[in-house]
Amino acid sequence: MRSCLPLAAAIGLSLLCASCGGAREERPKPLPTAWHRIEMPDSAYREVSAEGVAMQVNSGAVTAETQREDGVWIDISYPTFPSARIYLTLNRLRLGEIHGAVANRLQRITLNTGGLPTQRLEFTNPAGWECLLTLTPSSVTTPVQAVATGGDGRILSATLYISVPQHTDPDSVAPVVDAVRRDMTVMLNGLR
């Protein structure tokens, strides 16, 4: 009787295992597709000069410069982020016009944030430019903006615009925002 008990247990365990999965023929199913991963640009920079101002721009970015009567417009685009573009203007003003121009840019930044919580980073770079960089993490269209003034009457303003539907989750564009925030910080710090 004792020798039958281990044999009966072994047979029962074998039947249990066989009934749990061997009877159905499963075909492999492909995994659901996911969004492609965005290739992030390296943190390597090149110098771009406009209106007598040198600035550092990501070496993976493409710049298009348009000379205007009141200064220069520079569009900075990233081939790996086709829906993201930095719109940058660089103007030379008379010293008495700077305060009004800065107030106008700050009002534009406030309107672009739509009242969403915004982080501000203010600093003076090594060349004496007074810089303001804003980050609005929950904005998907204009999450990064900047204003900088040089002591000689120059003013730079820059806005990252991402062309995506308004209902896009901010987490979906966060890697792009982080990379561009890094690049705009380097650009502001290197103005001279």
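Structure: above.
Only a predicted model underlies this, so the values are computations on that prediction, with no experimental measurement involved.

**Student:** Before we move on, could you go through the environment of Phe-81 and cite the residues and values that matter?
**Tutor:** Take Phe-81: it is sitting in strand S5 (residues 81–92). By relative accessible area, which is 3% here, Phe-81 ends up buried. Measuring from C-alpha to C-alpha, the distance between Phe-81 and Pro-41 comes to 9.3 Å, with 40 residues separating the pair along the chain. Not counting residues up to four positions away in its chain, the partners in contact with Phe-81 are Ile-38, Glu-39, Met-40, Pro-41, Val-176, Ala-179 and Val-180.

**Student:** Report on empty space enclosed by the protein, specifying residues and quantitative values.
**Tutor:** On inspection of all chains with the given rule, the structure shows one cavity of 30 Å³ or more. Considered as a void within the structure, the largest cavity measures approximately 50 Å³ in volume. Lining the largest cavity we find Gln-56, Val-57, Asn-58, Ile-76, Tyr-78, Ile-86, Asp-183, Met-184 and Met-187. Of all elements in the fold, only strand S2 (53–58), strand S4 (71–78) and helix H3 (170–189) reach the threshold of two or more residues within the lining of the largest cavity.

**Student:** Now, about the sheet that holds S5: what can you tell me, with residues and values included?
**Tutor:** If you trace the seven strands from one edge of the open sheet to the other, you get S3-S4-S5-S9-S8-S7-S6, paired in antiparallel fashion. At either end of the open sheet lies a strand with only one pairing partner, and these are strand S3 (62–68) and strand S6 (119–124). Put simply, the sheet's adjacent strands are angled 15 degrees from each other on average, direction ignored. Pairing of strand S8 (residues 144–149) with strand S9 (residues 154–162) involves five bridges; the strand directions are antiparallel.

**Student:** Could you give me a rundown of the side chain of Thr-136, with the residues and numbers involved?
**Tutor:** Here Thr-136 shows up in the loop between strand S7 (130–135) and S8. With near-sequence residues (within four places) excluded, Thr-136 lies in contact with Thr-113, Leu-116, Pro-117, Thr-118 and Pro-143.

**Student:** I'd like a description of the environment of Ser-163, backed by residues and values.
**Tutor:** Position of Ser-163 among the secondary structure elements: in the loop between S9 and H3. Judged by its relative accessible area of 47%, Ser-163 falls in the partly exposed class. Taking the C-alpha atoms as reference points, Ser-163 and Ala-84, 79 residues apart in sequence, are found 6.4 Å from one another.

**Student:** Account for the packing of aromatic side chains, naming residues and giving values.
**Tutor:** Overall, the coordinates contain one aromatic pair when judged by the stated rule. Consider the rings of Tyr-78 and Phe-81, whose centres lie 5.4 Å apart with planes at 35 degrees: the pair is tilted. Accessibility assignment for this pair places Tyr-78 and Phe-81 in one class, buried. Between the NZ or CZ atom of Arg-68 and the centre of the ring of Trp-73, over which it lies, the distance is 3.9 Å.

**Student:** Explain the pairing of S2 residue by residue, including any values.
**Tutor:** Here S2 lies mainly inside the structure; five of its six residues are buried. Linking strand S1 (residues 45–50) to S2, which pair antiparallel, is a turn of two residues; within it Glu-51 sits at a positive phi near 55 degrees.

**Student:** Tell me what's going on with the pattern of salt bridges, and back it up with residues and numbers.
**Tutor:** Taken as a whole and assessed by the stated rule, the structure comprises six salt bridges. Across the salt bridge formed by Glu-122 and Arg-120, the nearest N and O atoms sit 3.3 Å from each other. Here Asp-152 ties to Arg-154 by a salt bridge, and the two come within 2.2 Å at their closest N and O atoms. For Arg-154, a relative accessible area of 12% puts it in the buried group.

Procedures and definitions
Residues numbered from 1 in each chain as written. Predicted model: local features only at pLDDT ≥ 70, side-chain atom pairs only at ≥ 80, totals over all residues. Heavy atoms only, no water. Helix = DSSP H or I, 4+ residues; strand = E, 2+ residues; numbered from the N terminus. Buried < 20%, exposed > 50% of the residue type's maximum accessible area, 1.4 Å probe, protein only. Contact = heavy atoms within 4.5 Å. 1 Å grid on protein atoms, 1.4 Å probe; cavity = no way out; pocket = protein on both sides within 12 Å on 5 of 7 lines; lining within 4 Å. Points joined across faces, edges and corners; volume = space filled by probe spheres on them. Pairing = 2+ DSSP bridges. Axes fitted to C-alpha atoms, helices over the stretch in contact; angles between N-to-C directions. Phe/Tyr/Trp six-rings, centres within 6.5 Å; stacked < 30°, edge-to-face > 60°. Lys NZ or Arg CZ within 6 Å of the ring centre and 35° of its normal. Salt bridge = Lys/Arg side-chain N within 4 Å of Asp/Glu carboxyl O.

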